[in-house]
Amino acid sequence: MKLLELDNPREAIAIGCRLLKLFGLGRDERFKLVYWLQCVAYLAFSIVPRLLVEIEDMVALMRLIAELVFVVYLCLQIMALYCRRRQLYRLVDMLQQCIDIPYSEQIESFLIRSNVKINQSSAAYARFFMCVYVLYCTMSPLASGFVYIRNQRNATGVQEDLYDLDIRYNPLHYSIYAGLIFVLSAISSLSLCTKDVIDIAAIKTVTLVFGIVTMQIRDLHEQITQERLNRVIKSHRNALSCATQLEQALNLSVLFQFASCSAIWCLMLFYILLMGLDSRVLSVVLLLVIVSIETYAYCMLGSQLTTQGEDLLMALQQLSWYDQPVPIQRQILLMIRRSQTPLILRAGKLFSANVVQFGDIVQKSYSFFLVLKNVF
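Residues numbered from 1 in each chain as written. Predicted model: local features only at pLDDT ≥ 70, side-chain atom pairs only at ≥ 80, totals over all residues. Heavy atoms only, no water.

Looking at an unreviewed UniProt entry, one finds the protein named Odorant receptor and attributed to Anopheles coluzzii. Database annotation for the protein, UniProt heading Subcellular location (unreviewed entry): "Cell membrane". (UniProt positions renumbered as here; feature names shortened; annotations may be inferred.)

In structure tokens form, the structure reads like this:
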């Protein structure tokens, strides 16, 4: 597929930018008709029908709330993509400038190999979403057809309506319903895939840029000259700017991710407490698995970014700066001072995205679940 093929091995976040454009959020400032049509369809046929559902008992209420949390999370992420698209494209441009700088042969080889690997993993992730969507579109009608035939024979089944469509007993109404579900699934899959691909690729690429600067610093051990040091200082300044832009572009998305993960953990545990382990909890468990994997990916990559910043600081401290002329000593010490601030991916400037924080989310969610358990 041309969309997922990498034409230029030095292109930064190539797959993510293509998916963002496919979603209707290109670089131009024209009215995003495709994007807003998807937003309206998602709101009208995913969120509003759930708000109109009649609640029969506590179990149905908890299930509905868990599903609402997930669809609202998706809706917020869709809106966040629109709000932060300028920051994302600005970050892509800054990363592209860092990648286009000429480096030594060893660093050049490492850069191209790592960037190709990032884009290949993005393409593989997009193909996985595509396969899951095709499988869902294939299996869902087959399973529903079997249920319809069975219910026609024994007159069983639960009546569920969508805007007065009899989706349980009328084949035409169900066909309309299935078409809407396939469209909503496509919008959800594309938005989730786009958000994950571009965010994860952005964190990986910024980490790569800091890795390149670290390699440049270690090459200075052989000979520190003003010309070589100037190149390193420029690369270091560009990398710090990319890290700042990364936080501005992702803090809103990561904040939604943390809040949704915590809420779905609490609701799912409480739902299982009420229902027990049976087939009806599978959909809620699936929501939890999806959000938990995404949240852990952000936290793991945030930890890797912090570790790479520490490696860069260590490389600077290991330079024999004390044997150099005073002007070079001052420049190196200034770089060390600027690198002493930890590289941290933050969620809404409130939380740090790292593996320890993910453990805290799970622990606090369980504590809140215990409170719900005692109240109800």
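Asks: Would you mind going over the overall build of the protein with me for this structure?
Replies: Per the secondary structure count, the protein includes 10 helices and four strands. Listing the helices and strands of the protein from first to last along the sequence gives α-α-α-α-α-β-β-α-α-α-α-β-β-α. Residue pairs at least 24 apart in sequence account for 79% of intrachain contacts in the protein once pairs closer than 6 positions are excluded. Total accessible area on the protein is roughly 19,600 Å²; 62% of this is exposed by carbon and sulfur atoms. (Helix = DSSP H or I, 4+ residues; strand = E, 2+ residues; numbered from the N terminus. Contact = heavy atoms within 4.5 Å. Areas by Shrake-Rupley, 256 points an atom, 1.4 Å probe, with all protein chains shown as cover.)

Asks: When you look at the environment of arginine 90 in this model, what are you seeing that I'm missing?
Replies: Considering the arrangement of structural elements, one finds arginine 90 in helix H4 (residues 85–100). As for arginine 90 and glutamine 245, which are separated by 155 residues in sequence, their C-alpha atoms are 7.8 Å apart.

Asks: Please clarify how the UniProt feature "transmembrane region" (unreviewed entry) in the protein should be interpreted in this entry.
Replies: UniProt records the feature "transmembrane region" (unreviewed entry) at residues 33–52, 64–83, 124–149, 174–193, 200–217, 254–274 and 281–298, using the numbering of this structure. Along residues 254–274 the backbone is 100% helical and 0% strand, and the end-to-end C-alpha distance reaches 30 Å.

Asks: Is there a simple way to explain the pattern of salt bridges in this structure?
Replies: A side chain of one charge can pair with a side chain of the opposite charge when the charged atoms of the two come close. Per the counting criterion, the structure on display carries eight salt bridges. Ionic pairing is found between arginine 10 and glutamate 108, a salt bridge with its closest N-O pair at 1.8 Å. Of this pair, arginine 10 sits in the segment before helix H1 (14–22) while glutamate 108 sits in helix H5 (residues 105–154), placing them 98 residues apart in sequence. Each member of the pair, arginine 10 as well as glutamate 108, carries the same accessibility label: buried. Because the salt bridges share partners, they merge into one network encompassing Lys195, Asp196 and Glu294. (Salt bridge = Lys/Arg side-chain N within 4 Å of Asp/Glu carboxyl O. Buried < 20%, exposed > 50% of the residue type's maximum accessible area, 1.4 Å probe, protein only.)

Asks: Help me understand the packing of aromatic side chains, please; the structure alone is not making it clear to me.
Replies: In this description, a pair of aromatic rings is defined by centroid distance and the angle of the planes. Summed over all chains, the structure comprises seven aromatic pairs. On the numbers, 5.0 Å between centres and 55° between planes, the contact of tyrosine 125 with phenylalanine 129 is tilted. Residue tyrosine 125 and its partner phenylalanine 129 are both found in helix H5; the two are separated by four residues, about one turn of the helix. Taken together, Phe23, Tyr35, Trp36 and Tyr82 form an aromatic cluster joined through their ring pairs. Here the basic side chain of arginine 85 rests over the ring of tyrosine 82, its NZ or CZ set 4.4 Å away from the ring centre. (Phe/Tyr/Trp six-rings, centres within 6.5 Å; stacked < 30°, edge-to-face > 60°. Lys NZ or Arg CZ within 6 Å of the ring centre and 35° of its normal.)

Asks: Can you help me understand the nonpolar core in this one?
Replies: For soluble globular proteins, the rule of thumb is that nonpolar side chains tend to be buried together. Counting residues in each nonpolar core, the largest one holds 98 residues, and the members touching the most others are Ile13, Leu95, Val206, Phe210, Ile217, Leu246 and Leu250. Considering every element that reaches this core, the biggest residue donor is helix H6 (residues 171–219), with 19 residues. Residues within four places of phenylalanine 210 in sequence aside, it is in contact with Ala239, Leu240, Ala243, Leu305, Gln308, Leu312 and Leu343. (Core = buried A, V, L, I, M, F, W, Y, C linked by side-chain atoms within 4.5 Å.)

Asks: What am I meant to see in the packing of H4 against H6 here?
Replies: A packed helix pair is summarised by two numbers, namely the angle formed by the two axes and the spacing between the axes. Relative to each other, H4 and H6 sit at 30°, their axes nearing to 11 Å. Note on packing geometry: the crossing formed by H4 with H6 is left-handed. Between H4 and H6, the residues in contact are Leu88, Leu91, Leu95, Cys98 and Ile99 and Ile198, Asp199, Ala202, Thr205, Val206 and Val209, respectively. Residue classes in the contact of H4 with H6 are distributed as nine nonpolar, one polar and one charged. (Axes fitted to C-alpha atoms, helices over the stretch in contact; angles between N-to-C directions. Left-handed = near helix turned anticlockwise from the far one by under 90°. Nonpolar A, V, L, I, M, F, W, Y, C, P; charged D, E, K, R; others polar.)

Asks: Got a minute to help me understand unusual backbone geometry in this structure?
Replies: Note: most peptide bonds trans; most residues except glycine with negative phi. A positive phi angle, near 50°, is found at isoleucine 13, a position not held by glycine. Among the secondary structure elements, isoleucine 13 is positioned in the segment before H1.

Asks: Is there a simple way to explain the side chain of asparagine 115 in this structure?
Replies: Mapped onto the elements, asparagine 115 comes out in helix H5. Taking the relative accessible area as the measure of exposure, asparagine 115 reaches 0% and is therefore buried. At 3.0 Å, the side chain of asparagine 115 forms a polar contact with the backbone oxygen of glutamate 11. Beyond its immediate chain neighbours, meaning those up to four positions away, asparagine 115 contacts Pro9, Arg10, Glu11, Ala12, Ile99 and Leu208. (Polar contact = N/O pair within 3.5 Å; in protein donor to acceptor, adjacent residues only side chain to side chain.)

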